[in-house]
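Below, each chain spelled out in residue letters.
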Amino acid sequence: MAGATTLIVFLACVVLSQGQVQPGQCAFYEECGRNPSIGGALIPPIVPCVSYTPARLLQGEHYRKLIEVCPMLDRGEFNTHACCSRNQLKSLEMSLTLSKAVLNRCPACAVNFAHLHCINTCSPNQTQTVNITDTRNVTYLGKEREVVVGYQAYLSTNFADGSFKSCQNVRIPATGGFAIGTMCGRYGAKLCTPQRWYDFQGDSSNGLAPLDIDFILIRPGNTAGVPKGMIPYNGLTLGCNETTPTGGKECSCQDCKESCPVMPPPPMPAAPFRLMGTDGFLVISILLLCFLLATFLLYLVVSCWVHYAKDRKDEEGGKGKMSAKAQPLIDPSEVTFTDKNSLAAQEFLSSLFQTWGTCMASHPLKVLLAAAIVVAIFATGLMSIELTTDPVELWHNFSGILSKDLLTQLLELQTKIQNIEFWSKDLNRMASLKDVCFAPLNPSNASLTDCAVNSLLQYFQNNETNFNAKVNVTSLGVTREVDWKDHFFYCVNSPLSFKDITGLAMSCMADYGGPVFPFLAVGGYENDDFTNAEALILTFSLNNYGRDDPRFNVALQWEQMFLDIVQEYQRDPSNNFTFAYMAEYSSCKRILVDSKFLVGLGGILVVGCSVLASMGFYAWIGVPSSLIILQVVPFLVLAVGADNIFIFVLEYQRDMRMLGESREMQIGRVLGNVAPSMLLCSLSESICFFLGALSTMPAVKSFALYAALAVLMDFVLQMTAFVALLSLDARRQDGGRCELACCVSVTTPRSTKPNEGLLLPLMRKYYAPFLLYPITRIVVMVTFIAMFCTSIYLMLHVKVGLDQELAMPTDSYMLDYFKYLYKYFEVGIPVYFVTTKGFNFTSVAGMDAVCSSVGCDEFSLTQTIHYATEYPELSYLAIPANSWVDDYIDWLNPGSKCCRLYTLGPNAGKFCPASQSAFLCGRRCMQPPDDGVFRPSVDDFNRFLPDFLNNRPDLQCPKGGLGAYDKAVVRDENGEIIATRFMAYHTSLTNSQEFTMALQMARELADKITQSMRAVPGTSPDFEVFPYTVTYTFYEQYLTIVPEGLVNISLCLLPTFVVCCLLLGMDLRSGLLNLFTIVMITVDTVGAMTLWGIDYNAVALINLVTAVGISVEFVSHLTRAFALSIKMTHVERAKEATANMGSAVLAGVAMTNLPGIIVLAFAKAQLIQIFFFRLNLIITLLGMAHGLIFLPVLLSYFGPGVNKAMLLKLQQSKEKARRAAQMATTASGSNGYRNLGYEHGERPDLPSPHHLPHGTQPSDITAKDTKNVERISSF
């Protein structure tokens, strides 16, 4: 009995001694097989045997392995003890290798991470930091063994916090995210803490931990809850800005904030221009207004004083006041050189066009045939016309609400879209999504599951079984059900996880093998609170094939079927979604005789033929057209051409045929009167547009070329074909034949009175006198000056840009897409920083100038982009750029198992992927560096780069480049890198101003990077880095559109001044007034754009260039009429010009421009409504206001004086007529005539009634009063 008691006591002492806490004592040792409580692990869950034994002295290979895996435990070869076997060290090395793949870019972090697990596994004082809490009995190698499946690890918060801080900012270059986000489970990088970081590492359900570790963090000096004898480990941790004992360099700035240099914040945007504490432009506009009004008032005062002084002088000289209507006798010496030039120019042009018009009218059929042939020749070029259009972006998205029922419906819809099949003529077989989709990890032989489809459902691999999976999990004694919500919450915070720790044990990776980042799956959340997302995002990514690729048509077919399915789903009242999507187009009897229906139709045909001829010619020579040309040029030519035609036809209708004058001669004479004015306008506009073609903006350049030739062709056809048409119509009218029924004749004779119409009498009797009343003139000048100054202020505040949604019809499904895009998307579009040929990436200096990991330059390409993301509100960059150089260096690093070589078999010496067994691939591609900074040699860089780019990433090697970088590096046939790209992300951009600023900031950043990289030895001086994203194509124009627009409009204004001066015989004053009025119209138009919410962009610029052309029509006719008037006062000449020419201009505008513009108001396309209806209405109304209100008043004040050469000519003509009348007999000829079609000059000549004094009719003319006739039509 005593012996038994002794034995029991002895055994108890042995047990107590085995489990006691003391230095130099192990808690477990050696491997004892797999953990029986874990199934479906990502790596084999090998667990250690329970072994309360002294720590072992390490020697030989065992010691060298410890130094390789856990150098921080080294105490010398004959003085190092540890509690881990060689097998445990190998398993630990394999486990650490997985983490090193993402942590090795920051050596201090990698060392601290390994330090923790080396202490737990190999510490010689294991029992002081580790407390076994759970064991299992297993059979291993035929023996029953007790194994550890759970233990507590006591750590000091100093050690835990130091390790966590060193790893907190380590980046994953491929995603731009943080590595710790993949190691903190459901909390992600933002919510991760040291405790949560360690909890994830110790959770065996993550698929990586072989057993459960409960990390207990204890503050220094706090012993509460610490078992007796336990000492929380408080080893030395390295700061991320410190070097490692093995020679590793400090971490880079991108991975360690403490390593960042002191960077001054980027310059703030320029402050608004201010003067005297307020808007500077407002102050300038007010000062300009005051200056102009003061100048005008001073002019009025001086003018009144001069007139008063002149009147007093005349009275004192006994002359009295001269009648305003009396014409003074002109001495030839008073005629100036300018007056002579003006008269000569008018006589030359009138004579030339009179002869030309007579010729055209005499041979109408021949002229029409010739014109038709010329137009047909030009128009044949339309067969080869090339319309410039943008390719459709094949992206499709829609939004919804987060709930299981809706997600189930979404899965059904997504599956239906993915299973689209159709017959393709281009492929001559059935086609589906896999034929056109973007398959990053299997591009050569894609299946449906290889297609990159991003959605929330990809967290469940688009599998309904996974989505509906549930499991009961017991935690802290509480059992609860885990379902899809837990997995969703886990995945949005840790999207790179291959296995969650919720109990469902599902992967977060998409079925095609890539991660689904939460900002691409959900939207409408705040502060990364994904569970409160208001929208779901579904994206099908298609390849962007060239238009000559047969698969381009296949993609369009798939897109159309996609639209059909989604639109049908949208119309279904049973669905619960509100969603948007995008698939990235006189006598009543003589009415029929005197009407001009066919003439008007002919005028429209002339306009159409000129447009066809212009488009055909440029299509012939290969100048591409665009849809905007088809929409704007016809309107422009119609506005210009119709006004000219109205002026010509109205002049003909108001004219009376003279005795002895044939029909053709009358048409020629009328054409001689109006053609110089038509030439003035057409030539000004044509030269204006030709100069506009100097623009560097393709849209403006092509538009200007097409418009210039169309206007020129329109004038030529007016001078030929339309004159011939009018001649034929006059012949019909003289014959009394109806217009639409030529066989029907009317016996009612033609009226002998000129047909002045309705507008001319009204404007002559009422409008012109009222407008030019003294008080009215002052009010008009003050009003228009104020409007001009106000418009200058508004012009300086016009918004620049064109929002994408404006290009869509008001009922387009795209509008909802854009609305939800701006509302819910938290991250903007990707932006690529592209490098060109000429940079040596294979050199150490080249790699350092690009990468952002340890040893890289502080201002490398990727590091500079990282600095910019620190100020997203200024740089418009949200996520740093990925870097194939960084990941390639990490992939080659011998610290990971990504790059190995076959040592056995036929592939010996070739690259071996990480998925292969270590037995076949026992050799690393590279050797560890001596200085702690790993860089491959030039030969190794070029040798292994193709293997990296084609290596599919997996758990063993997440750094493989396939999918992420295989399209990011372009090499020539010699293997030289000729182009690469580095992808970052913009912030969420919501309007064209933000898109433009993002482009500008990205270009400035790229220029800075270019200059830095050109400093690297061996870099070509032509090398550059430039940013690119799909939207830059549209918004690039807005960087230069303001100065570009000023240059274009200035080039258009110049010829209007020059041509006006030349055709008016060097009349500089008329040219300047003409120019000033057009400038006012343009400025007022831009000001009205600001008020009406019309942004300034290429479409608006084209319309502004058009506005200059149309303004010439409103202004030049009236200016010329004023310059040629022989009334004695400025006011009377302004009245005459306003009545005669203003009525014709108004009729042309009212009958052509306005009806066409008003129709545009009913268009569904917002672009048409805003930039064609609103803007053209503004242009037309402002042109009418300035041409018919402001210009007559301006001319009445500042217009040129009467042409004395013309008065002298008239004076000489009257004297000649008086002498001829004295020689005539009183019985000669009839006193009147009827306006019949006399041929061959059968009647004597008499003046045109259109130019007789007011109230005089042709029948009242006798030989004795011929001296009173004022004939100015020939001048």
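Rules and cut-offs
Residues numbered from 1 in each chain as written. Predicted model: local features only at pLDDT ≥ 70, side-chain atom pairs only at ≥ 80, totals over all residues. Heavy atoms only, no water. Helix = DSSP H or I, 4+ residues; strand = E, 2+ residues; numbered from the N terminus. Buried < 20%, exposed > 50% of the residue type's maximum accessible area, 1.4 Å probe, protein only. Areas by Shrake-Rupley, 256 points an atom, 1.4 Å probe, with all protein chains shown as cover. Phe/Tyr/Trp six-rings, centres within 6.5 Å; stacked < 30°, edge-to-face > 60°. Contact = heavy atoms within 4.5 Å. pLDDT = per-residue confidence, 0-100. Disulfide = S-S within 2.5 Å. Pairing = 2+ DSSP bridges. Expected span 1.5 Å × (residues − 1). Bend = angle between axes of the 7 residues up to and from the residue. Polar contact = N/O pair within 3.5 Å; in protein donor to acceptor, adjacent residues only side chain to side chain. Patch = residues over 30% accessible without salt bridge, like charges linked within 9 Å, V, L, I, M, F, W, Y side chains within 5 Å. Salt bridge = Lys/Arg side-chain N within 4 Å of Asp/Glu carboxyl O. Lys, Arg positive; Asp, Glu negative; His and termini not counted. Charge placed at Lys NZ, Arg CZ, Asp CG, Glu CD. Arc of directions from axis to C-beta. Core = buried A, V, L, I, M, F, W, Y, C linked by side-chain atoms within 4.5 Å. Axes fitted to C-alpha atoms, helices over the stretch in contact; angles between N-to-C directions. Left-handed = near helix turned anticlockwise from the far one by under 90°. Nonpolar A, V, L, I, M, F, W, Y, C, P; charged D, E, K, R; others polar. Parallel < 35°, antiparallel > 145°, perpendicular 65-115°, else oblique.

K.L.:
Tell me about the overall build of the protein, residues and numbers included.
P.N.:
Counting its regular elements, the protein contains 35 helices and 27 strands. Taking all 1275 residues of the protein together, 51% fall into the buried category. Accessible surface, the protein: about 56,500 Å² in total, of which carbon and sulfur atoms supply 60%.

K.L.:
Outline the packing of aromatic side chains, listing residues and values.
P.N.:
One pass over the structure, following the stated rule, counts 35 aromatic pairs. Here the aromatic rings of Phe 28 and Tyr 151 are separated by 5.5 Å at their centres, their planes lie at 35°, and the arrangement is tilted. Of this pair, Phe 28 sits in strand β1 (residues 28–34) while Tyr 151 is found in strand β6 (residues 143–156), placing the two residues 123 residues apart along the sequence. Its relative accessible area of 4% is what places Tyr 151 among the buried residues.

K.L.:
Please provide a residue-by-residue account of the side chain of Thr 720, values included.
P.N.:
Within the secondary structure layout, Thr 720 lies in helix α19 (residues 698–734). Setting aside its immediate chain neighbours within four residues, Thr 720 contacts Trp 356, Met 360 and Val 367.

K.L.:
Give me the confidence of the model for the protein: which residues, what numbers.
P.N.:
Put simply, the protein has an average pLDDT of 78, and 79% of its residues get 70 or more. This model gives residues 388–401 a pLDDT under 50, and the stretch forms 67 contacts once residues within four places in sequence are excluded. Low pLDDT (under 50) marks residues 584–597, which in the prediction has 36 contacts with non-local residues, meaning those over four places away or in another chain.

K.L.:
Describe in detail the state of the cysteines, supporting the description with residues and values.
P.N.:
In a disulfide, the sulfur atoms of two cysteines are held together by a covalent bond. If you walk through the whole model with that rule in mind, you get 15 disulfides. Covalently, Cys 240 is tied to Cys 256 through a disulfide, its sulfur atoms 1.9 Å apart. The S-S bond linking Cys 240 to Cys 256 shows a torsion near 60°; that makes this disulfide right-handed. Here the residue Cys 240 occupies a position in the loop between β9 (212–218) and β10 (274–275), and Cys 256 occupies one in the loop between β9 and β10, the gap between them amounting to 16 residues. Among the residues examined, Cys 256 registers a relative accessible area of 0% and is labelled buried. Across the disulfide from Cys 253 sits Cys 260; the S-S distance is 1.8 Å. One quick way to see it: the torsion about the S-S bond of Cys 253 and Cys 260 is about 90°, and its sign makes the bridge right-handed.

K.L.:
So what's going on with the sheet that holds strand β22 (residues 900–901)? Residues and values would help.
P.N.:
Within a sheet, neighbouring strands are paired by backbone hydrogen bonds and run either parallel or antiparallel to one another. Taken in spatial order, the three strands make up an open sheet running β23-β22-β24, and their pairing is antiparallel. This sheet does not close on itself; its edge strands, each paired only once, are β23 (911–912) and β24 (923–924).

K.L.:
Explain helix α32 (residues 1098–1124) residue by residue, including any values.
P.N.:
The first and last C-alpha atoms of α32 sit 39 Å apart over 27 residues, in line with the 39 Å expected at 1.5 Å per residue. Remark: the principal bend of α32, roughly 30°, maps to Glu 1113. Within α32, 26 of the 27 residues are buried, which leaves the element mostly enclosed by the surrounding structure. Where α32 begins, one side-chain oxygen reaches toward the backbone nitrogen of Ala 1100, 2.9 Å away; that side chain belongs to Asn 1097.

K.L.:
An account of a negative patch on the surface is requested, with residue identities and associated values reported.
P.N.:
Taken together, the side chains of Glu 1004, Asp 1007, Asp 1022 and Glu 1024 define an acidic patch exposed on the protein surface. Take Glu 1024: it is sitting in the loop between α28 (992–1014) and β27 (1025–1028).

K.L.:
Tell me about the pattern of salt bridges, residues and numbers included.
P.N.:
One pass over the full model with this rule turns up 14 salt bridges. With a closest N to O distance of 3.8 Å, Glu 68 and Lys 65 form a salt bridge. Placement of both Glu 68 and Lys 65 in helix α2 (residues 60–69) is noted, with a separation of three residues, approximately one turn of the helix. Owing to a relative accessible area of 17%, Lys 65 belongs among the buried residues under this scheme. For the salt bridge of Lys 165 with Glu 258, the shortest nitrogen-to-oxygen distance reads 3.7 Å. On the criterion of sequence distance, the pair formed by Lys 165 in helix α6 (residues 157–167) and Glu 258 in the loop between β9 and β10 is long-range, its members being 93 residues apart. A relative accessible area of 39% places Glu 258 in the partly exposed class. Look at the salt bridges and you will find they share partners, linking Lys 65, Glu 68 and Glu 93 into a network.

K.L.:
Could you give an account of helix α7 (residues 194–201), naming the residues involved and the relevant values?
P.N.:
Pro 194, Trp 197, Tyr 198, Phe 200 and Gln 201 are the residues of α7 that are buried. Within α7, the buried residues cover an arc of 160° as seen down the axis, which keeps them to one side. Here the buried face of α7 lies against α4 (107–122), β6, α6, β9 and α13 (484–493).

K.L.:
Kindly report on the pairing of strand β20 (residues 827–835), identifying the contributing residues and their values.
P.N.:
If a strand is regular, its side chains alternate between the two faces of the sheet. In terms of residue burial, β20 counts as a mostly covered element, since seven of its nine residues are buried. Examined bridge by bridge, β20 and β27 share four bridges and lie antiparallel to one another. Bridge pairing in β27 links Thr 835 to Val 1025.

K.L.:
How would you summarise the nonpolar core if you had to cite specific residues and measurements?
P.N.:
Taken as a class, soluble globular proteins show a tendency for nonpolar side chains to be buried jointly. Within the largest apolar cluster, 98 residues are counted, with the highest numbers of intra-cluster contacts made by Val 633, Phe 689, Met 781, Met 1089, Tyr 1096 and Phe 1171. Among the elements that take part in this core, helix α34 (residues 1166–1198) stands out by supplying 20 residues, more than any other.

K.L.:
Could you give an account of the side chain of Thr 1077, naming the residues involved and the relevant values?
P.N.:
If you trace the backbone, Thr 1077 turns up in helix α31 (residues 1068–1091). A relative accessible area of 0% places Thr 1077 in the buried class. From its side chain, Thr 1077 meets the backbone oxygen of Leu 1073 in a polar contact 2.8 Å long. Ignoring any residue separated from it by four or fewer positions in sequence, one finds Thr 1077 in contact with Val 1115, His 1186, Phe 1190, Leu 1191 and Leu 1194.

K.L.:
Explain a nonpolar patch on the surface residue by residue, including any values.
P.N.:
Taken together, the side chains of Leu 369, Ile 373, Ile 377, Trp 620 and Ile 621 present a nonpolar region at the surface, about 530 Å² in accessible area. Those elements that provide at least two residues to the nonpolar patch are α10 (364–379) and α16 (597–621). The dominant element in the nonpolar patch, judged by the number of residues it contributes, is α10, at three residues. Mapped onto the fold, Ile 373 is located in helix α10.

K.L.:
Lay out unusual backbone geometry in plain terms, naming residues and giving numbers.
P.N.:
For Glu 30, which is not glycine, the phi dihedral falls at a positive 65°. Positionally, Glu 30 belongs in strand β1. You will see that Tyr 876, though not glycine, has its phi angle at about 60°, which is positive. Judged by its relative accessible area of 16%, Tyr 876 is buried.

K.L.:
Report on the packing of α31 against α32, specifying residues and quantitative values.
P.N.:
Following both chains from N to C, one finds α31 and α32 inclined at 145°, their axes separated by 9 Å at the closest point. The chirality of how α31 crosses α32 is right-handed. Seen from α31, the contacting residues are Ser 1070, Asn 1074, Thr 1077, Ile 1078, Ile 1081, Thr 1082, Thr 1085, Val 1086 and Met 1089; seen from α32, they are Ala 1100, Leu 1104, Val 1108, Ser 1111, Val 1112, Val 1115, Ser 1116, Thr 1119 and Ala 1123. For the contact of α31 with α32, the class distribution of residues is 10 nonpolar, eight polar and no charged.

K.L.:
Could you give an account of the packing of helix α21 (residues 774–795) against α31, naming the residues involved and the relevant values?
P.N.:
Between α21 and α31, the least distance of the axes is 8 Å, while the angle of their chain directions is 55°. Comparing the axis directions of α21 and α31 gives the class oblique. Helix-helix and strand crossings are classified by hand; for α21 and α31 the assignment is left-handed. Where α21 approaches α31, its residues Phe 784, Met 787, Phe 788, Ser 791, Ile 792, Leu 794 and Met 795 are matched on the opposing element by Met 1080, Val 1083, Asp 1084, Val 1086, Gly 1087, Thr 1090 and Leu 1091. Each residue belonging to the contact of α21 with α31 can be placed in one class, and the counts come to 10 nonpolar, three polar and one charged.

K.L.:
Got a sec to walk through the environment of Cys 451? Specific residues and values, please.
P.N.:
Position of Cys 451 relative to the elements: it lies in the loop between β13 (429–432) and β14 (453–454). For Cys 451, a relative accessible area of 1% translates into the label buried. For the pair Cys 451 and Ser 541, spaced 90 residues apart in sequence, the C-alpha separation works out to 7.7 Å. Residues within four places of Cys 451 in sequence aside, it is in contact with Leu 433, Lys 434, Cys 437, Phe 438 and Tyr 512.

K.L.:
Any details on the environment of Asp 199? Residues and values, ideally.
P.N.:
Secondary-structure assignment places Asp 199 in helix α7. Along the chain, Asp 199 and Cys 184 lie 15 residues apart, while their C-alpha atoms are 7.9 Å from each other.

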